[in-house]
Amino acid sequence: MEEIARSSILGGLGLVIGIIILVYRLNNKGGTKSDQRANQYGYALLIWAIFLLLSFIPKSTSLISIATNVALIACTPLLLLPSLLSALIACFGRVKLSYYIGKLGFFYFGRNPTAGGLLRGYQAAKTLKNVEHQREALLWLRSRYQKHTGKIYSGEMVMYIIIDALLTKPNDDEYLAQRLNLLDGIGQSSIPRGVSVLACKLALIPALSRGDWDAINDIAEQWNTPASNGIAKYLKEFYGRYVKYSHVFSKFDCWFWSLVIFRNKDIMKLSRDTIDKLKERENSFEPEASFIESLWINNNKKMSEVEKKNQLESLLANHVIDKWKNRASTIGVLQIDNAWDAIERSVHQHPQFKIDHDCIEDDEQYERKQSLQKNLRYLEGSIQRKLSEKLPGSGFEHYMDWLKVLNILHELKTHKHEQLLAFSIVHNVLWNWAADLWNNKKERCLVHFIATVCAPLALECNFKEMHKILSGITRGEFK
Amino acid sequence: MTPEFTSNPQFSAWPFWVLELTPDATGIDIEKSTRDITAKITLGVPNAEFFAIPQGKRTRDAFLIREAKAKLIDPTARLLAEYWYVKPLETTDTESSLPASTWKKSLGVAFWAD
């Protein structure tokens, strides 16, 4: 009995010491990524060796001794797979413990151990029964990340957005989805599967509740990461095969991915309902759909100038004007010409026909645009100052700066002309900043994200050299 | 009114969709529909808070219903709504899309404990 007790105490002590050392090392890492990973491997093997050794110390052949040995050996896989261990701990709502152990899951989370820690912390916080405790847990997770001094990777960017959005606007699914939409363009290869699946599900909520398949497909495309994300793959295949009737997408692929997510009955029900509805619509198809209906059908399609002109002529043709003026007098409109003018204005304001420089904007829109441009200039100055003073800054700080710039560019997206103008204002600073991040700070993941967003804008602004280099980065031509 | 309805003229027919009416609706139809839908929402009839548009579903409340009625009573606003009217796709099937809260539970991402 003494032997068993001694071995158990030693085994437990070895485990605790090993984990403390490992967490301490990861929190104070200063070397490059390969050094960091070597440390992780080395320490994990060390702990495993100690644990394994200690478990074999009791030599007695008694039943209790054998049972203890078996139990200790059974625990070793958990030690070797901290991601699994942290997932188990997260089920019990231990936020801090699951965060720290999650950070050790380098097999599962790859070069994103911090994202893994944040994911496990989030999962643990989700199981808490009290809203205030959940809020405290999220605040703690955010504070951990704000103190993170290492390089930043895609998984961490995603987890930060999720935690921050949940704290900023709790229960606002639209806001969370919009924030995740900002991340369109981040490097996907380093997003761990768990993070990708979580982000995809959160971004899908508003689109699923609206039953908007175009939006569902866009989100599925965004989160169809190399780390297998079953839900994104299934929705993408389903949309391609059934909603768009594309023969490029095979029935088998759709069926295969449906097996992966078959447990989600609501998605399967939505799919079945959609197929039924599409069949109904196909049977009652009217070949001569009205022009207004065709605008709904071609909602996201970019029309050519000729198509636009034809469509506009059809919507505002003379017989159409007569028809609607008659209708106006029937329903008792007093100023018929004014009523028709309102209709004509609305047609010109339709996104398909609107021309940026011609669009009429109200005072509120104008002020908002002015404020965005002012903020952009302020940001430009701030980044320029940091560059000229050669301030080191952590990956997280640079990411925060980039998110602010990205947010402004995104808000101006509806006014293409304004967006390009804003980009041309900041492109020099962005260019120098990206070069500094790439060459000196080695923030490859963040620069990849910046390049993906900025390359098309640089092309539209005719900044050829900038476009060439940024496109090279997105294609992986530079190492 | 939701910003989506004001930002794009394609949604100008929203008062008809909210009150589940067509452009041939009379003043009596508008009154009746307003009363019925408001009563359904007040009594908590399942799915009464949803209405169909040509691309999916949106939620409505008593305020939006009052606004829709006001638009349809005003002949100029009604003419604009009639011009842009397109039949919503899901008028008969209101059960295929679930509310966000159900989807959150279904996908296992409901966060804030109640």
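Coordinates for the structure precede this section.
Overview of the structure.

Conventions adopted
- Residues numbered from 1 in each chain as written.
- Chains lettered and ligands numbered in written order.
- Predicted model: local features only at pLDDT ≥ 70, side-chain atom pairs only at ≥ 80, totals over all residues.
- Heavy atoms only, no water.
- Contact = heavy atoms within 4.5 Å.
- Buried area = accessible area lost by both parts, 1.4 Å probe.
- Salt bridge = Lys/Arg side-chain N within 4 Å of Asp/Glu carboxyl O.
- Polar contact = N/O pair within 3.5 Å; in protein donor to acceptor, adjacent residues only side chain to side chain.
- Helix = DSSP H or I, 4+ residues; strand = E, 2+ residues; numbered from the N terminus.
- Buried < 20%, exposed > 50% of the residue type's maximum accessible area, 1.4 Å probe, protein only.
- Pairing = 2+ DSSP bridges.
- Axes fitted to C-alpha atoms, helices over the stretch in contact; angles between N-to-C directions.
- Parallel < 35°, antiparallel > 145°, perpendicular 65-115°, else oblique.
- Left-handed = near helix turned anticlockwise from the far one by under 90°.
- Nonpolar A, V, L, I, M, F, W, Y, C, P; charged D, E, K, R; others polar.

Contact with chain B, which involves 41 residues of that partner, is made by 55 residues of chain A. Of the roughly 4500 Å² buried between chain B and chain A on both sides combined, carbon and sulfur atoms contribute 64%. Counting the surface chain B buries against chain A, the share from its top three residues, Tyr83, Phe111 and Trp112 of chain B, is 21%. Seen at the junction of chain B and chain A, the total is two salt bridges. Scanning the region where chain B abuts chain A turns up twelve residue pairs in polar contact (both at pLDDT 80 or more). For the side of chain B that touches chain A, the elements supplying multiple residues, two or more each, are strand 2 (56-59), helix 5 (75-83) and helix 6 (100-107) of chain B.

For the rest of this paragraph, the subject is the pattern of salt bridges. All names here are of chain A. As enumerated under the stated definition, the model contains 16 salt bridges over all chains in all. For Asp164, the salt bridge goes to Arg142, with nearest N and O atoms at 2.6 Å. Taken as a pair, Asp164 in helix 9 (residues 154-168) and Arg142 in helix 8 (residues 131-146) lie far apart in primary sequence, 22 residues in all. The salt bridge involving Arg475 is made with Glu477; its shortest N-O contact spans 2.9 Å. Look at Arg475 and you get exposed, because its relative accessible area is 56%. Among the charged side chains, a network of salt bridges with common partners joins Glu174, Arg210 and Asp212.

Take unusual backbone geometry next. Of note in this structure, Asn462 of chain A is not a glycine but carries a positive phi near 65 degrees. In this fold, Asn462 of chain A is placed in the loop between helix 23 (444-460) and helix 24 (464-474). Unusually for a residue other than glycine, Glu20 of chain B sits at a positive phi of about 55 degrees. For Glu20 of chain B, the location among the structural elements is in the loop between helix 2 (14-18) and helix 3 (27-43).

Time to look at the pairing of strand 1 (residues 50-53) of chain B. All names here are of chain B. Side-chain alternation along strand 1 places Phe50 and Ala52 on one buried face and Phe51 and Ile53 on a second face that is also buried. Pairing geometry for strand 1 and strand 2, over four bridges, is antiparallel. Paired with Phe51 across the two strands is Arg58, which belongs to strand 2. Counting the residues that bridge the hairpin from strand 1 to strand 2 gives two residues.

The next point concerns the packing of helix 9 of chain A against helix 10 (residues 173-181) of chain A. Residues and elements named next belong to chain A. It is the contact of helix 9 with helix 10, at a shortest axis distance of 9 Å, that shows an interaxial angle of 155 degrees. The angle between helix 9 and helix 10 places the two elements in the roughly antiparallel class. When you trace helix 9 past helix 10, the crossing you get is right-handed. Contact residues: helix 9 offers Val158, Ile161, Ile162, Asp164, Ala165, Leu166 and Thr168, while helix 10 offers Tyr175, Leu176, Arg179 and Leu180. Considering only residue class, the contact of helix 9 with helix 10 consists of eight nonpolar, one polar and two charged.

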